[in-house]
Amino acid sequence: KWKGEGTTQNLESIVIGRCYDYIRIVNPAVGEKNCSQIWEAFKNAFINKDPCSILPNDYALFINLSLHTIPPNKSLFWENNQLLVNSFAARGRRYMSLGDTLFGFVGDFLNWCGQADSPGLDYESCPTTMECENNAVESFWRMASITYAQHSSGVIHVLLNGSADGGAYPQPGFFADYEIPNLQKGNISQITIWVVDDIGGPDIDSCGTHSVKTLETRLKTLGYDVTCTDNYE
Amino acid sequence: MPLQQGSARTRQRTVLLVGIVVLLAALVLAVVLASLLTHGKHEVSPQMLKWKDRGTTKNLQEVVLGRCYNYITAQHPELGDKDCLKIWESLKEAFIYKNPCNITSEDYQPLMELASHPIPCNKSLFWSKTGDLVHRYTKSNQNFLTLEDTLLGYMADRVSWCGDPSAPGINYESCPKRSECESNPGSVFWKMASKMFAEAACGVVQVMLNGSVEAGAFRSSSIFGSIEVFNLNPDKVSEVRIWLMQDIGGPQSESCSGHSIKRLISILEERNFKITCEDNYRPVQLLQCVHNPDHTDCRLCTNST
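This section reports on the structure supplied with the text. As the structure is a computational prediction, the values presented were derived from the model and not from experiment.

### Some remarks on the overall build of chain B
Helix and strand content of chain B: 10 helices and 6 strands. Rg of the C-alpha trace for chain B: 31 Å, well past the compact-globule value of 19 Å for 305 residues, more than 25% over. Dimensions along the principal axes, computed over C-alpha positions, put chain B at roughly 130 × 45 × 40 Å. Taken across its 305 residues, chain B has 45% of its residues classed as buried. Once local pairs closer than 6 in sequence are excluded, the contacts in chain B between residues at least 24 apart make up 77%. A total of about 16,700 Å² of accessible surface is found on chain B, and carbon and sulfur atoms cover 56% of it.

In structure tokens form, the structure reads like this:
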């Protein structure tokens, strides 16, 4: 029916398990959260609805219940280098990327969607973003990205892939469309951009060129103090 | 008329008196019942045993189940036939309602059978006193697997559990330290899982040891030194590669030519394994360099030819 993979099996157990894993072991500093309620809010965002009609705000209650502070100077934004970010951020100990927050942690690498007129999850297939933008997973990450940006403060780090096809700073992209517009200027002291090429990969983009230049200009125009560093030339 | 009034007043007073007596009786009954009930509760769950280590992780069931499903669904779909509910139940049965100083390997046998899975050859990575570094390495290089990257280890990592003979059978307050008793649920689990992990290894195996530890990189008292080394199968394992990692800018307590390494090599040679040792294996050292990019050991062009 749809072109994308279906809902991940055992989604409920995985989400609830990850929620408790996070609050008990990964980051107990966030305190007590009601993981069953968090699951219910997550699910209610998209079940029993047309899977092409899910909006970021449908996850508002989920975000409300799973929100916690992001320590200043620890936010790490990224594009096209998720595995690198995960090993660099060291599971929140050095940096806290979106995937290291509770709301990002529970959804990372999973897939889900519902169906109209049925309380069940669709395990067969789910719409891709090409088929329709307002799908459950896309809207989840839009909402999570907006929230993450809104709650980031201090020195912000951005890790971009200088070897990526189409440029290190993708437009459209999550960082461009959902994160930059939601940064709280008054809470941010500086934005530090790192452009890192794949080992042995092409050096397509660098600081001061092409898409990175576009990004630097945009941020400076918005009034931010911006620095940019390349990996080895 | 006065007579009637008199009898009405008497009736009123009697009703009042009866009412008060009934109230008093009800009150006494309530007090008696309450004390009986609470007394009963105390009898059903007396104080649990007190230990020195942290107690069972709260929401252990949800965490273990979630990790199991996460592992077999999102990470290793080839293990799709594993029954996570059964696996959780078998873990629980191993320790619930039992005295946590009396745990045996038999207690964990059903769990071990349900949750174990084959390990591809040349991928086993053992470790001692390098927990943080070795797991960062396997997260970035899926060519190696530590015990904590197998289903059993993944479910149990950083989690604790122990039981108690009194209800509800799980002690969330405290659990025994090894120094209090060796046959505690955690120690027995990890010893058994480590033994099986070693037995399952085949081809070339790797071990990451810490060359900055004062007590020596290889210790016979560690799980690696006391269990894993002796359960490697010489018919299956062709070679043991030691990676001796020193902290960047840290003490260089030992290298491949050090005493404890010599001892390890002789133990392994006696069991007919081929052994190699490498100081500061570069791929792992690069990970250490993420924290210390300006150190001389972390310059990119350190090898000239």
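### Examining the packing of aromatic side chains
Residue and element names in this part refer to chain A. Under the criterion given, the structure shown has 29 aromatic pairs over all chains. With a centroid separation of 5.9 Å and 45° between ring planes, the pair formed by Phe174 and Tyr178 is classed as tilted. Residue Phe174 and its partner Tyr178 are located together in helix α7 (residues 174-179), separated by 4 residues, close to a single helical turn. Among the aromatic residues, ring-to-ring pairing joins Trp39, Phe42, Phe46, Tyr59, Phe62, Trp112, Phe140 and Trp141 into one connected group.

### Quick notes on the pattern of salt bridges
On inspection of all chains with the given rule, the structure shows 15 salt bridges over all chains. For Asp58 of chain A, the salt bridge identified is with Lys49 of chain A, shortest N-O distance 3.5 Å. Here Asp58 of chain A falls in the partly exposed class, since its relative accessible area comes to 28%. When its relative accessible area of 24% is taken as the criterion, Lys49 of chain A is described as partly exposed. For Asp157 of chain B, the salt bridge identified is with Arg158 of chain B, shortest N-O distance 3.9 Å. Here the residues in one salt-bridge network are Glu133, Glu138 and Arg142 of chain A, joined through shared partners.

### What to know about the pairing of strand β2 (residues 75-79) of chain A
Every other side chain in a regular strand lies on the same face of the sheet, so the side chains alternate between the two faces. Residue and element names in this part refer to chain A. Within β2, 4 of the 5 residues are buried, which leaves it mostly tucked inside the rest of the structure. By the bridge criterion, 2 bridges tie β2 to strand β3 (residues 96-97) in an arrangement that is parallel. Bridging across to β3, Leu76 finds its partner in Ser97. Bridging between β2 and strand β5 (residues 154-161) involves 4 bridges; their strand directions are parallel. What sits directly across from Glu79, in β5, is Leu160.

Conventions we followed
Residues numbered from 1 in each chain as written. Chains lettered and ligands numbered in written order. Predicted model: local features only at pLDDT ≥ 70, side-chain atom pairs only at ≥ 80, totals over all residues. Heavy atoms only, no water. Helix = DSSP H or I, 4+ residues; strand = E, 2+ residues; numbered from the N terminus. Rg over C-alpha atoms; globule rule 2.2 N^0.38 Å. Buried < 20%, exposed > 50% of the residue type's maximum accessible area, 1.4 Å probe, protein only. Contact = heavy atoms within 4.5 Å. Areas by Shrake-Rupley, 256 points an atom, 1.4 Å probe, with all protein chains shown as cover. Phe/Tyr/Trp six-rings, centres within 6.5 Å; stacked < 30°, edge-to-face > 60°. Salt bridge = Lys/Arg side-chain N within 4 Å of Asp/Glu carboxyl O. Pairing = 2+ DSSP bridges.

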